[in-house]
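Coordinate inspection notes
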Amino acid sequence: MQPSFLSELSSKVGPKAGTGGFKRDAPSQGGYGRVVSARLGRAPSGVASAATSDSPSGGGNKWNDIEFFYMTVDDEQIGPATVKEMRMKWKSGELAADCFYWYEGMNGWEALESNPPLLKQINPPAPPPKKGKAPAAPPPPPQNEETPPPPPPRITAAQARPDFANYAAPRPSSSTFAPPSAADPAHKPRRRVLEKGWMEKLTADLVPYYYNTATGALQWEKPAELQSSSNNAGAANSGWVWVPTEEEGYAAARNMGGNQYQTRAGESITYSTPRGVTLDPLNPASLSMLHNDLVLLEDLCEGMVLHNLRERYLKDQIYCGVGSILIAINPFKRLPLYTPDIIEKYNKRGNKVLAPHPFDIADKAYKTLLEVEKNQSILVSGESGAGKTETTKQCLMFLAEVAGSKANIEQRVLSVNPILEAFGNAKTLRNDNSSRFGRFSEIILDEEKRIAGAQIQSYLLEKSRVGYQQQGERNYHIFYQLCKSDWAEHYQLGGPENYGYLANSGCTDVNGIDDYREFQDVVESMDQLGFTQDEKHSIFSIISGIIQLGNVTFSAASVNGADASTIDDMGSAYAVASQFGVDSTQLHHALTHRTLEIIGQAPIPVPLRVEQAVENRDALAKYVYEKLFNWLVRRINESLAPSCRKSNFIGILDIFGFEIFKQNSFEQLCINFCNEKLQQIFNEDTFKNEEQVYKNEGVDFPPIQFIDNQPVVDLIEMRGGIFTILDDVVKGPGKPEQKDAKFGTLLDSKFASNPCFVPSNKHRGVHYSAFSINHYAGSVCYNIDKFVDKNKDSLFSDLYNMMAESSDSFIKQQFSSAQGSRRTLASEFKSQLKSLMDELRSTQSHYIRCIKANSQKRPRIFEGGSCLEQLRCAGVFEAVTIRKNGYPFRYTFERFVERYKCILATEEGWQPLQSTDVRDQCYEILTATKQAFEEMKWGNTMVLFRADEYRVLELCRALSTDRVSSKIQAKARGRLTRRYLKLVQAARPRLQEAERSRDLATLESALNYVNEVLGQFAVFSISAPIAEWARCKELVVVIRESARLEPELETWVYSDLGDDNNFEMLFKTLKSAREIADKRPTPKFDELYAMSVEQFEGWREYRLSSRLEEVMKTVERDEMGEIYAECKRLEYSSPSLEEIERLMGVSESELLKMQYKKANENGNAQRAVEKEIELKELVLDQFATNFAFEKCGMLRDPVDYANAKVFSLHRDDHAAGMLLFSKSVILTSLTRIEDGASVKDSVNAFKCILGYCGDQRITYPEAAAIKVLEVGMEGDEWVRAEVYAQLMKQLSSNPNAYSRDKLWELLMLCLLHFSPGDGMENFVQIFLRENAPVRVKDGMVRQCHCIVYEEQAQAVPGVHMIGSMLKQHGF
């Protein structure tokens, strides 16, 4: 009978090992898949497995036909290579006898010295000496240092119970084996080390392990004898310890004397150790040993646990285990850990041990339910922002995928999430998608253990959020989603920033949350769950009414001398009344009054003050929202109710974690009480049940100590406890503010001596009435303000009765029952919690502890101090200690034999178990390992052991698997391959006949037959190329495609191809048809294709040739790019395209010159001017500094200008200020005008400029402007340049804003009437660019160009025309 572990071996080695389909790839460094494929493959023809022979069989030298992979003396992997290449490496000294080699068919890497025939080929003996000389003595054959351990002896019944104490193998250290990384060169095949009996070896997967040749001991960890002195230094004498720090929790540091410590990064820490406290020692070498199960850690102190979690988190390994408990750290980013492939991996893992994952927890819950048919529960806990909601969705996703259903019910279960998240989640300071209610989801399974439905229970919705949020937080998502949706207009809603309930916190948007899209998801989920259109309308009407209720504000008023209130703006009240279906007048009265009912008297309306009216408004909003939320949960449960009898369920609890804020109120007390109750269940499962296991198995173990929180639970919920007193105060007489004080007094008087309670008089620095409770996670101070009111949780009868009379049937139904005396929130929550605890205790629980890595909600940041507190609150350290000190690895005798009997498989064959008693069989297996297991415990039904023994057993199991897997795979795959080839030969004639027929039905029938016959071999990756099958498959595709394309070709070829759409459709169809045209599928297709090509090419020529001709006349870059792209897209060729390619590569200036030339050639004068201007602009951009005003060659020398006045005492000042603003008349012209009359005209023009700009007083400024224009228009080029120079002078360093504005106006008037001239034009252009006001700069620059090419104005404008001319140009 075949051993049962063969299926496990098959799953380990994978389907690609063997003959068929094998690819001759070298093993990657540390890679697993390729090495396994090589190891399990059949040897080449004539080559036997290295496990049975040292050289290829058969005659001749077959070594030359093999491709080798080998390691050089520098540990570099080479291959594939021939013997000849290896011989060259030997001669160069890069290859030695102790280097490893491998070729296809070998079981693993071996040293060259272990194969003398191969070594002889690589290092052949010296040639025989010449005659007369004695031959040199041949070198001694290389000796193999490695002595493999002998196979374990066969076990007889008499040897069934050996004395394990006789084996004195060294105890392995507490490190564990980690699979090699492909990127880590340290995991390459390495040369062996032999020292003090220990030898490093490699598994077939190139994972190093260690074997002691003297004792036969095996272990994964590197023995102390082989470690360097630095790594072998113990923690006891190294001075390294874990130092507590506020930010990181703990830091690994060395004591430098006194209270000074230094971290590994060289940072100094000052820490004073409290009296009686000893810092935990640290072995620095252990910091590199990371484990996915905290039980495997060498040290169990808080520092090491935190370090392990931190380092794994920074490597995106966010999950870690404590036995069966999962620790999940929020990465704050998307990781590829939840794909369908990974779901499949966990679902079909068999006996494989996989990394911790929510899928692992969900899989265990589902498999356990299948096995024992007991209801299961998954408890997901953690503080806000720790990732509870996402983890819950991952568990649901796994169960939906694995369990499935008959009516696609699992998709309806998943569709619940968008609705509950929209109505029950909100952005908080700690989490952008925080669940503000507790949720227990029961996934109900039918008798076939498939999903039949689901039921959801909700707990303690945070109603207070509806009316108030802290700064930086948001209200529930649904409010913002509706405001940003397409439905908002129907409900007369604007953006969320317009509403008090949504915007008062200052946050309406969240990065990474698309409210618009998520609202669409909500509506889609409602449709999937069968919500009617009326139900959706009513839901969103209520949401809209609550949103607008927040905008109802109040102001003070007086009624009969008493303080009262009134609504400020009835507009919002009308909107609320419309959405709620109530009368606006009644709403106004109910919000601002309450009716006092006294027995025997008529009801008395009592007006409310402003603050009371606000509280009344908020109470209505909270009450209505709670009613809506509870209805939603009931409606979802109706939709998901199973149609068959309930068999079992898997419950997933996603509930608020322990909360400690600066201000803690009634909500926090309820939340923390819930966590106390959950901690009790956790204690029972983790600690009490652990203790029970040892008792049941009869194994001695010291009593397990844990923090029992029963006293805290009793303090809160027992008769006469906090909740009872609170309920009594609610029902008693007095005003709300008086009741809070009374509640605090009663607590202090009753529980002052209770060690779990801290009365109000013992709170220093607290400026409000408070009490504290010493919870299991720490002491929490509660502010008693509003405790009584929140517990009462009621609505004034005026508002309740108003809602009960609503015209909206949906709202009326929610308020249909009489209000009556409602239970207090505390008693209701206590009752709900009791029901939940009873439900959880009836299930087998699984735990996921979620940890929030940092408060910044950013990836790759690990705040150790915060994480440490969360781990303490979650009870992780106690769980680690209990599991580590006990025996965390435990198998029933049957399971132990099932898992480890593969160790009995040796090179010689299978060693059958001799005993029929399962306990004795366990002894036989352990004896066969030849390892020491003195600390193993034998219980009544199971074997219990610790991490050290577990690692050794897993190593023995891995080595045994390696030994036999290749032989099993080779034989199985050889047989399958021979059968496969016979079937291929039998199928070929049918494929050939189908190919000749060219009939679609015949081809498909033949292909289906081949797929059915040969497809079963695909799972083993056995395949061979079948030419007939490939041709038939291609022919089927061609025939199908031609049948699709023929009607399309016929439609478009006869259409009006002048229409752009028809032309494009023909082109698109032709591109598809071209791919099969050479296969000539049918005569009709060939005819249509040829006709379509002819029509398309004709129309393409018609469309593109004229456009191309026009573009080549202008050679505009954009137009050339467009037409070039269009020609390439339509596959049109033309000589002009080559010219376009050349022109697209020229510079901008060269292209402008070409455009200017083309414009002149085509007689387009206007375009030629435009291009000439663009060229000028280009030159000016490039040489702007050369055209600074002071560099103009037409200007006088400043000294000559100063000397123009004979008797001047300030010549230097005149010279320096020649080109700067001045209120004085110029001495002479600024330009080198020689004609005396022209100089006089220039000086007069400057006087006019001063007058027009207000720098000198004149009677008619506009007349002065006209005079300046006359001088410019009547003068020659030098006079015109002079006018412009004078204007630029006055604009330089002019401090007077009015003067500057008038100067720019005058400069614009000059540009409209005469040109600056060739010598001054460029200087004016640069001056305008650098100094003109922004509003008119572009217009002035453009006019400066235009006046050069236009004819000069014929007449001076009238004074009355100046204003309109300037206004027309932006002044």
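Heads up: the structure comes first, above all this text.
Below: a short report on this structure. (Residues numbered from 1 in each chain as written. Predicted model: local features only at pLDDT ≥ 70, side-chain atom pairs only at ≥ 80, totals over all residues. Heavy atoms only, no water.)

**Quick notes on the overall build of the chain**
Helix and strand counts for the chain stand at 48 helices and 33 strands. The buried share among the 1371 residues of the chain stands at 50%. Taking the intrachain contacts of the chain between residues at least 6 apart in sequence as the baseline, contacts between residues at least 24 apart amount to 68%. Surface exposure of the chain reaches about 64,900 Å², of which carbon and sulfur atoms provide 50%. (Helix = DSSP H or I, 4+ residues; strand = E, 2+ residues; numbered from the N terminus. Buried < 20%, exposed > 50% of the residue type's maximum accessible area, 1.4 Å probe, protein only. Contact = heavy atoms within 4.5 Å. Areas by Shrake-Rupley, 256 points an atom, 1.4 Å probe, with all protein chains shown as cover.)

**Examining the packing of helix α19 (residues 666–697) against helix α26 (residues 825–841)**
Each pair of packed helices can be described by the angle between their axes along with the distance between the axes. Remark: α19 packs on α26, axes separated minimally by 11 Å, with the N-to-C direction vectors making an angle of 20°. The angle between α19 and α26 places the two elements in the roughly parallel class. Seen from above, α19 lies across α26 with right-handed handedness. Only L825, A826, F829, L833, M837, L840 and R841 of α26 make contact with α19, whose side of the interface consists of F666, C670, F673, C674, K677, L678, Q680, I681 and E684. For the contact of α19 with α26, the class distribution of residues is 12 nonpolar, 1 polar and 3 charged. (Axes fitted to C-alpha atoms, helices over the stretch in contact; angles between N-to-C directions. Parallel < 35°, antiparallel > 145°, perpendicular 65-115°, else oblique. Left-handed = near helix turned anticlockwise from the far one by under 90°. Nonpolar A, V, L, I, M, F, W, Y, C, P; charged D, E, K, R; others polar.)

**A closer look at a negative patch on the surface**
A contiguous patch of negative charge on the surface is contributed by D1235, D1241, E1274, D1276, E1277 and D1318. Here D1235 lies in the loop between α41 (1211–1216) and α42 (1236–1252). Look at D1235 and you get partly exposed, because its relative accessible area is 43%. (Patch = residues over 30% accessible without salt bridge, like charges linked within 9 Å, V, L, I, M, F, W, Y side chains within 5 Å. Salt bridge = Lys/Arg side-chain N within 4 Å of Asp/Glu carboxyl O. Lys, Arg positive; Asp, Glu negative; His and termini not counted. Charge placed at Lys NZ, Arg CZ, Asp CG, Glu CD.)

**A look at the sheet that holds strand β9 (residues 240–245)**
Strand order across the open sheet formed by 4 strands is β9-β10-β11-β12, with antiparallel pairing between neighbours. Whereas interior strands pair on both sides, the edge strands pair on one side only; in this sheet they are β9 and β12 (268–270). Neighbour to neighbour, the strand axes of the sheet diverge by 50° on average, direction disregarded. Sheet strands in contact with helix α5 (residues 302–314) are β9 and β10 (249–257), and its direction is about 120° off that of β10. (Pairing = 2+ DSSP bridges.)

**Here's the deal with the packing of aromatic side chains**
Per the counting criterion, the structure on display carries 45 aromatic pairs. Look at Y891 and Y900: their rings are 6.1 Å apart centre to centre, the planes differ by 70°, and that puts the pair in the edge-to-face class. Among the residues examined, Y891 registers a relative accessible area of 15% and is labelled buried. Following the ring pairs from residue to residue traces out a cluster consisting of F666, F743, F751, F757, F771, Y782 and F787. Across the ring face of F682, the terminal group of R849 is positioned such that the distance to the ring centre comes to 4.1 Å. A cation sits over an aromatic face here: R1103 above F1063, 4.3 Å from the ring centre. (Phe/Tyr/Trp six-rings, centres within 6.5 Å; stacked < 30°, edge-to-face > 60°. Lys NZ or Arg CZ within 6 Å of the ring centre and 35° of its normal.)

**Description of helix α15 (residues 533–549)**
Side chains of residues three or four places apart in an α-helix project in the same direction, reflecting 3.6 residues per turn. End to end, α15 covers 24 Å across 17 residues, agreeing with the expected 24 Å (1.5 Å per residue, within 8%). Across the 17 residues of α15, 14 count as buried, placing the element largely inside the fold. (Expected span 1.5 Å × (residues − 1).)

**A closer look at the side chain of N709**
For N709, the location among the structural elements is in the loop between α19 and α20 (710–717). Here E676 takes part through its side chain, which lies 2.7 Å from a polar atom of the side chain of N709. Not counting residues up to four positions away in its chain, the partners in contact with N709 are E676, Q679, Q680, N683 and Y776. (Polar contact = N/O pair within 3.5 Å; in protein donor to acceptor, adjacent residues only side chain to side chain.)

**Examining the pattern of salt bridges**
Taken as a whole and assessed by the stated rule, the structure comprises 55 salt bridges. Across the pair E344 and K348 runs a salt bridge, and its minimum N-O distance is 2.9 Å. Looking at E344, the relative accessible area reads 39%, which means it is partly exposed. Put simply, D515 and R474 hold a salt bridge, and the shortest N to O gap is 3.2 Å. Pair noted here: D515 is in helix α14 (residues 515–528) and R474 is in the loop between α11 (464–467) and α12 (477–483), with a separation of 41 residues, a long-range link. One exposure class covers both D515 and R474, and it is buried. Salt bridges sharing partners connect three or more residues here, namely R436, E462, R465, E473 and E659.

**Observations regarding the nonpolar core**
The nonpolar side chains of a soluble globular protein tend to be buried, and buried together. Residues F423, F479, L620 and F743 are the most contacted members of the largest nonpolar core, which totals 187 residues. Ignoring any residue separated from it by four or fewer positions in sequence, one finds F743 in contact with I722, I725, L726, V729, F771, I784, F787 and V788. (Core = buried A, V, L, I, M, F, W, Y, C linked by side-chain atoms within 4.5 Å.)

**Focus on the environment of A557**
Residue placement: A557 occurs in strand β20 (residues 554–559). For A557, a relative accessible area of 30% gives the class partly exposed. Between the C-alpha atom of A557 and that of R609, which follows or precedes it by 52 residues, the distance is 8.2 Å.

**Structural notes on the pairing of strand β18 (residues 438–445)**
Counting buried positions along β18 yields 8 of 8 residues, so the element is predominantly enclosed. The two faces of β18 match: G438, F440, E442 and I444 on one face and R439, S441, I443 and L445 on the other face are all buried. As paired elements, β18 and strand β19 (residues 451–459) share 8 bridges and run antiparallel to each other. Among the inter-strand pairings, F440 is bridged to a residue of β19, identified as Q457. Taking the residues that link successive antiparallel strands as the turn, the β18-β19 hairpin has 5 residues, and the phi of K449 there is positive, at about 60°.

**Some points on a positive patch on the surface**
Taken together, the side chains of R975, R978, R979 and K982 present a region of like positive charge at the surface. By secondary structure assignment, the location of K982 is in helix α31 (residues 947–997).

**Brief notes about empty space enclosed by the protein**
Space left empty within the atom packing is revealed by a probe, the size of a water molecule, rolled over the atoms. Counted under the stated rule, the structure contains 11 cavities of 30 Å³ or more. Approximately 120 Å³ is the volume attributed to the largest cavity. As for the largest cavity, its lining consists of 14 residues, of which R436, E462, F656, E659 and I671 are closest to the centre. Of the residues in the lining of the largest cavity, the class split is 5 nonpolar, 4 polar and 5 charged. (1 Å grid on protein atoms, 1.4 Å probe; cavity = no way out; pocket = protein on both sides within 12 Å on 5 of 7 lines; lining within 4 Å. Points joined across faces, edges and corners; volume = space filled by probe spheres on them.)

**Quick word on the pairing of strand β3 (residues 100–103)**
Along any regular strand the residues' side chains alternate between the sheet's two faces. Of the two faces of β3, the one lined by F100 and W102 and the one lined by Y101 and Y103 are each fully buried. When β3 meets strand β4 (residues 110–111), the two strands line up antiparallel, connected through 2 bridges. The partner of F100 across the bridge, within β4, is A111.

**With respect to the sheet that holds strand β26 (residues 770–775)**
Read across the open sheet, the 3 strands follow the order β25-β26-β27; overall the sheet is antiparallel. Looking along the sheet, the strands with just one partner apiece sit at the ends: β25 (757–758) and β27 (778–783).

**Quick notes on unusual backbone geometry**
Unlike most non-glycine residues, D316 shows phi in positive territory, near 65°. Within the secondary structure, D316 is located in the loop between α5 and β13 (319–322). A positive phi angle is found at K786, which is not glycine, with a value near 70°. Note that K786 resides in the loop between β27 and α23 (787–792). Residue K786 is classed as partly exposed on the basis of its relative accessible area of 37%.

**Considering the side chain of N417**
Inspection of the secondary structure puts N417 in helix α10 (residues 416–424). The buried category is assigned to N417, whose relative accessible area is 7%. Every residue in contact with N417, bar those within four places of it in the chain, is listed here: K393, L396 and R439.

**Focus on helix α46 (residues 1318–1331)**
The terminal C-alpha atoms of α46 lie 21 Å apart, and with 14 residues this matches the ideal 20 Å at 1.5 Å per residue to within 8%. By the burial criterion, the buried members of α46 are M1320, E1321, F1323, V1324, Q1325, I1326, F1327, L1328 and R1329. The inward-facing, buried residues of α46 contact α39 (1165–1182), α44 (1277–1291), α45 (1297–1313) and α47 (1334–1349).

Spatial relationships are all this shows, so hold off on functional conclusions.
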